[in-house]
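Descriptive structure summary
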Amino acid sequence: MELEICNITKQYKDKCAVDDVSLKLTPGVWGLLGANGAGKTTLMRMIAGILRPTSGCVRYDGVETETLKEAFRDIFGYLPQEFGFYPGFSVQDYLEYIAALKGLTKSESKERIQTLLKRVSLENVRNKKISKLSGGMKRRVGIAQALLNEPEVLVLDEPTSGLDPGERVKFRNLLSEFAQDRIVLISTHIVSDIEYIATCNAVMKDGRIIATGKTEELVRMVDGKVWSASIDGRELGFYEHKVPMVNIYNEENGDVKVRYLSGTAVIPGSESEKPRMEDLYLWLFPESAKEE
């Protein structure tokens, strides 16, 4: 089982949103990591067949998905950033509707909807209108619809948006179990979503894939660039302008413990730290820290 993205490009009039991207996905959880605007959603939409690439193609087991058409859609699941639904639909109505579109029989539909509602903790609101649900609950409905046909290829665009920390943990556990013999691609800018469950990661920046590898391989890119130090709280503003800060902890004595990124130790008394995925992300996308 292999999903191959072959030299895909999406060019708009004044911008290249995806620039000659190639990637081979095999069974397991794949993380597509990048800042907002990196091109992740455009790439996802081309994989899903919603958007036609300017050049390049997507192949499943060696055959272009445009050739496979329905045969590929039958084994494909997709969660966009925003999924559409009729305002009058209840959770149950919507999932039954999607199940019918995916060709499930009534008995298959009933069984899978019941199972999924339990897995995403929506049993108690199955008859409630989706429009009345919280953002996190709507996201869980979207996750359920993507899993209805038990797809061999599952593509999820920012799946944990709106989920609380407990829901995120449940979701990660669900995906880890589901991906044992399937291809799961998760697009996200939230490092914790993929740090511990991804079989492999691809890092996307400015429309291109700039790195691929397992988490432990990728974080080597910032070996020797992660530091920690204790400073007087009054010095924090000075150092924040000199180096990107990953974490800041207030200590009882008025000092501040900081974790920061730099090619060399900048703060006196700094100690080298073992890098994590969050460190890599902020090293590659320093503008993200500024936005927050």
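See the structure shown above.
Here's a quick rundown of the structure.

Criteria and cut-off values
- Residues numbered from 1 in each chain as written.
- Predicted model: local features only at pLDDT ≥ 70, side-chain atom pairs only at ≥ 80, totals over all residues.
- Heavy atoms only, no water.
- Helix = DSSP H or I, 4+ residues; strand = E, 2+ residues; numbered from the N terminus.
- Buried < 20%, exposed > 50% of the residue type's maximum accessible area, 1.4 Å probe, protein only.
- Contact = heavy atoms within 4.5 Å.
- Areas by Shrake-Rupley, 256 points an atom, 1.4 Å probe, with all protein chains shown as cover.
- Lys, Arg positive; Asp, Glu negative; His and termini not counted.
- Charge placed at Lys NZ, Arg CZ, Asp CG, Glu CD.
- Expected span 1.5 Å × (residues − 1).
- Patch = residues over 30% accessible without salt bridge, like charges linked within 9 Å, V, L, I, M, F, W, Y side chains within 5 Å.
- Salt bridge = Lys/Arg side-chain N within 4 Å of Asp/Glu carboxyl O.
- Core = buried A, V, L, I, M, F, W, Y, C linked by side-chain atoms within 4.5 Å.
- Disulfide = S-S within 2.5 Å.
- Pairing = 2+ DSSP bridges.
- Phe/Tyr/Trp six-rings, centres within 6.5 Å; stacked < 30°, edge-to-face > 60°.
- Lys NZ or Arg CZ within 6 Å of the ring centre and 35° of its normal.
- 1 Å grid on protein atoms, 1.4 Å probe; cavity = no way out; pocket = protein on both sides within 12 Å on 5 of 7 lines; lining within 4 Å.
- Points joined across faces, edges and corners; volume = space filled by probe spheres on them.
- Nonpolar A, V, L, I, M, F, W, Y, C, P; charged D, E, K, R; others polar.

**Quick notes on the overall build of the protein**
Scanning the protein for helices and strands turns up eleven helices and 14 strands. With the principal axes as the frame, the protein shows a C-alpha extent of 65 × 45 × 35 Å. Per-residue burial for the protein yields a buried fraction of 49% across its 292 residues. Taking the contacts inside the protein whose residues are at least 6 apart along the sequence as the reference set, 66% of them involve residues at least 24 apart. Accessible surface computed for the protein: about 14,900 Å², of which carbon and sulfur atoms make up 47%. The average position of the 39 basic charges and that of the 43 acidic charges among the side chains of the protein differ by 5 Å.

**Concerning helix α6 (residues 135-147)**
Its 13 residues place the ends of α6 19 Å apart at the C-alpha level, agreeing with the 18 Å of an ideal helix rising 1.5 Å per residue. With ten of its 13 residues buried, α6 lies for the most part within the structure. Next to the buried residues of α6 lie β6 (76-79), α4 (91-101), α5 (106-119), β7 (153-157) and α7 (165-178).

**Observations concerning a nonpolar patch on the surface**
A contiguous nonpolar patch, built from Tyr-86, Tyr-97 and Leu-101 and spanning about 350 Å² of accessible area, is present on the exposed surface. Mapped onto the secondary structure, Leu-101 falls in helix α4.

**Structural notes on the nonpolar core**
Core analysis: the biggest nonpolar cluster contains 54 residues, and Leu-156 and Val-184 have the highest contact counts within it. Apart from residues no more than four positions distant in its own chain, Leu-156 is found in contact with Met-44, Leu-79, Ala-146, Phe-171, Leu-175, Val-184, Leu-185, Ile-186 and Ser-187.

**Thoughts on the pattern of salt bridges**
Once the charged atoms of two side chains with opposite charge are near each other, the side chains can pair. All chains considered together, the criterion is met by eleven salt bridges. Arg-259 is the partner of Asp-279 in a salt bridge, and the nearest nitrogen-oxygen pair spans 2.7 Å. Separated by 20 residues along the polypeptide, Asp-279 in helix α10 (residues 277-284) and Arg-259 in strand β13 (residues 255-261) bring together distant segments of the chain. Overall, Arg-259 belongs to the buried group, its relative accessible area being 8%.

**Things to note about the state of the cysteines**
Across all of its chains, the model carries zero disulfides by this definition. Not engaged in a disulfide, the cysteine Cys-16 finds its nearest cysteine sulfur in Cys-57; these two sulfurs lie 16 Å apart. Between Cys-57, a free cysteine, and Cys-6, which holds the nearest cysteine sulfur, the sulfur-to-sulfur gap is 4.2 Å.

**Things to note about the pairing of strand β12 (residues 245-250)**
Here five bridges tie β12 to β13, and the two strands are oriented antiparallel to one another. Across the sheet, Asn-247 pairs through a bridge with Arg-259, a residue of β13. Hairpin remark: β12 followed by β13, antiparallel, with four residues in the connecting loop; positive phi at Gly-254, about 95 degrees.

**Description of unusual backbone geometry**
Phi angles above zero are rare outside glycine, and Asp-61 is one such case at about 50 degrees. Along the chain, Asp-61 falls in the loop between β4 (55-60) and β5 (63-64). Positive phi is not limited to glycine here, since Glu-150 has a value of about 45 degrees. Summarising the element assignment, Glu-150 is placed in the loop between α6 and β7.

**Thoughts on the packing of aromatic side chains**
Inspection of every chain in the model, using the stated rule, returns nine aromatic pairs. With centroids separated by 5.0 Å and ring planes inclined at 75 degrees, the aromatic side chains of Phe-238 and Tyr-239 adopt a geometry described as edge-to-face. Positioned above the aromatic ring of Phe-178 is the side chain of Arg-182, whose terminal nitrogen or guanidinium carbon lies 4.3 Å from the ring centre.

**Side note on the layout of surface pockets**
Empty pockets left among the atoms are what a rolling probe the size of a water molecule brings to light. Roughly 470 Å³ of volume is contained in the largest pocket. Contributing to the lining of the largest pocket are 16 residues, with Arg-73, Phe-76, Tyr-78, Lys-102 and Gln-145 lying nearest its centre. Breaking the lining of the largest pocket down by element, the ones donating at least two residues are α3 (70-73), β6 and α4. Classifying every residue of the lining of the largest pocket gives nine nonpolar, three polar and four charged.

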